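Summary of the model geometry
What follows is the residue order along each chain.
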Amino acid sequence: MNLKQKAAEKAVEAIQDGMKVGLGTGSTAYWAIQKIGERVAQGLHIQAVATSQASEDLARELGIPIIPFDQIGRLDVTIDGADEVNEQLVLVKGGGGALLREKIVESNSDRLIIIVDESKDVKVLGTFPLPVEVVPFASEWTLEALRQTGCQAEWRIQDGERYLTDNGNYIADCRYGTIENPQELEIRLNQIPGVVENGLFINMADQVIIARANGQIDIRN
Ligand code: 5RP
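Residues numbered from 1 in each chain as written. Predicted model: local features only at pLDDT ≥ 70, side-chain atom pairs only at ≥ 80, totals over all residues. Heavy atoms only, no water.

What follows deals with the overall build of the chain. Within the chain one finds seven helices and 15 strands. Structurally, the chain occupies a C-alpha span of about 50 × 40 × 30 Å along its principal axes. For the chain, the share of sequence-separated contacts (at least 6 apart) that also reach a separation of at least 24 residues comes to 74%. Counting every atom, the chain has about 10300 Å² of accessible surface; 47% of that belongs to carbon and sulfur. (Helix = DSSP H or I, 4+ residues; strand = E, 2+ residues; numbered from the N terminus. Contact = heavy atoms within 4.5 Å. Areas by Shrake-Rupley, 256 points an atom, 1.4 Å probe, with all protein chains shown as cover.)

So this is what it looks like as structure tokens:
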């Protein structure tokens, strides 16, 4: 079993019958959705929403009941991956481009469990370029404003084209090198017109499950 799968399967132990569950996005969340699908096939009753079209499609394939957002109410738990986590449970997310939906879903969840392999556990955030979702309108001005916050910002490109999120927006990947003060940076980013959301998740994770190559699973609360 790979490390992502290990962390994911540990997290899925928290899901109980009757819960409303948020499904994350990415290659680690994939394993959580697989495991949830397995438990649903064995009789677990849950209601779910997904943080991306890809995760929703996967969940439906596995028979996990997907409920419309306006009918599900507040979620009990969401399980998702991250690109970086630090000691204070601050996260960088959005490597898979789903940061906006993830932040909305996870803000409406009583509990957020983050699942990572040990490569994501960092002392200081910022090695992974911070994803920022930007509306297409006049977006070069927004990109320039992002650069003024002290990063090298580039549009995300996929298959030779400007990457489009599930919401039809662009992603600017912002290389800061180190993010010493995520709280301050988040405020600056949110003040830029044209920025829809940024990949800093502060005071959101309740638990981080880290699977290590030595076989250990660390749980950080
Ligand atoms: C998607 C995310 C993912 O959780 C993050 O990119 C981690 O992905 P992976 O598990 O594939 O490493 O934030 O927007």
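More follows now that the structure is in view.
Turning to the pairing of strand S15 (residues 217-220), a few remarks are in order. Sheet topology note: the strand S14 (residues 207-211)/S15 ladder contains four bridges and is antiparallel. By the bridge assignment, Ala211 is partnered in S15 with Ile217. Connecting S14 to the next strand, S15, in antiparallel fashion are five residues, including Gly215 with a positive phi near 95 degrees. (Pairing = 2+ DSSP bridges.)

Judged by nonpolar contacts, the single largest core of 26 residues is most densely connected at Ile15, Leu23, Ile36, Ile46 and Ile64. Counting only elements with at least two residues in this core, the list comes to helix H1 (3-12), strand S1 (20-23), helix H2 (27-41), strand S2 (47-50), helix H3 (53-61), strand S3 (75-80), strand S6 (109-117) and S14. Setting aside anything within four residues of it in sequence, one finds Leu23 in contact with Ile33, Ile36, Ala48, Val49, Ala50, Thr51, Ala59, Ile64, Ile66, Thr78 and Ile79. Leu125, Leu143, Tyr170 and Ile179 belong to the second largest nonpolar core, which has 23 residues in total. (Core = buried A, V, L, I, M, F, W, Y, C linked by side-chain atoms within 4.5 Å. Buried < 20%, exposed > 50% of the residue type's maximum accessible area, 1.4 Å probe, protein only.)

The immediate surroundings of the ligand are formed by 18 residues, with Ser27, Thr28, Asp83, Gly94 and Lys120 found nearest. Between the ligand and Thr28 there is a distance of 2.5 Å, counted from an oxygen atom to a side-chain nitrogen or oxygen. Measuring from an oxygen atom of the ligand, one finds a side-chain N or O atom of Lys93 at 3.0 Å. In isolation the ligand offers 380 Å² of accessible surface; the protein chains occlude 92% of this area. For the ligand, the cavity whose grid points lie within 2 Å of the majority of its atoms is the largest pocket. Of all the secondary-structure elements, those providing two or more residues to the shell around the ligand are H2 and helix H5 (99-107). (Near = heavy atom within 4 Å. Polar contact = N/O pair within 3.5 Å; in protein donor to acceptor, adjacent residues only side chain to side chain. 1 Å grid on protein atoms, 1.4 Å probe; cavity = no way out; pocket = protein on both sides within 12 Å on 5 of 7 lines; lining within 4 Å. Sits in = over half its atoms within 2 Å of the grid points.)

Before going further, it helps to spend a moment on the sheet that holds strand S13 (residues 200-201). Pairing in this open sheet of three strands is antiparallel, and the strands run S4-S5-S13 from one edge to the other. Either end of the sheet is taken by a strand with one partner, and the two such strands are strand S4 (84-85) and S13.

Direction vectors running N to C along H1 and H2 enclose 45 degrees, while the axes themselves pass 8 Å from each other. Here H1 is positioned oblique relative to H2, judged by the angle of their axes. Two packed elements cross with a definite hand, and for H1 against H2 that hand is right-handed. From H1, Lys4, Gln5, Ala8, Glu9 and Val12 reach across to H2, where they touch Ser27, Thr28, Trp31, Ala32, Lys35, Ile36 and Arg39. Residue composition of the contact of H1 with H2, by class: five nonpolar, three polar and four charged. (Axes fitted to C-alpha atoms, helices over the stretch in contact; angles between N-to-C directions. Parallel < 35°, antiparallel > 145°, perpendicular 65-115°, else oblique. Left-handed = near helix turned anticlockwise from the far one by under 90°. Nonpolar A, V, L, I, M, F, W, Y, C, P; charged D, E, K, R; others polar.)

So, about the sheet that holds S6. Spatially, six strands are ordered S2-S1-S3-S6-S14-S15 in an open sheet, and the strand pairing comes out mixed. The sheet is open, and its two borders are formed by S2 and S15, each paired with just one other strand. Each adjacent strand pair in this sheet contributes to an overall mean axis angle of 20 degrees, direction not counted. In terms of strand pairing, S1 meets S3 through three bridges, oriented parallel. When the sheet's bridge partners are listed, Val21 is paired in S3 with Val77.

On to the packing of aromatic side chains, then. The final tally for this structure, using the stated rule, is two aromatic pairs. The interplanar angle of 85 degrees and the centroid separation of 5.1 Å between the aromatic rings of Tyr30 and Trp31 together place this pair among those described as edge-to-face. Exposure remark for Tyr30: the relative accessible area of 34% places this residue in the partly exposed category. Trp31 gets classed as partly exposed once you look at its relative accessible area, which sits at 24%. Consider the rings of Trp155 and Tyr170, whose centres lie 5.3 Å apart with planes at 65 degrees: the pair is edge-to-face. With Trp155 in strand S8 (residues 152-155) and Tyr170 in strand S11 (residues 170-175), this residue pair connects regions lying 15 residues apart in the sequence. Here the two residues Trp155 and Tyr170 agree in accessibility, since each one is buried. (Phe/Tyr/Trp six-rings, centres within 6.5 Å; stacked < 30°, edge-to-face > 60°.)

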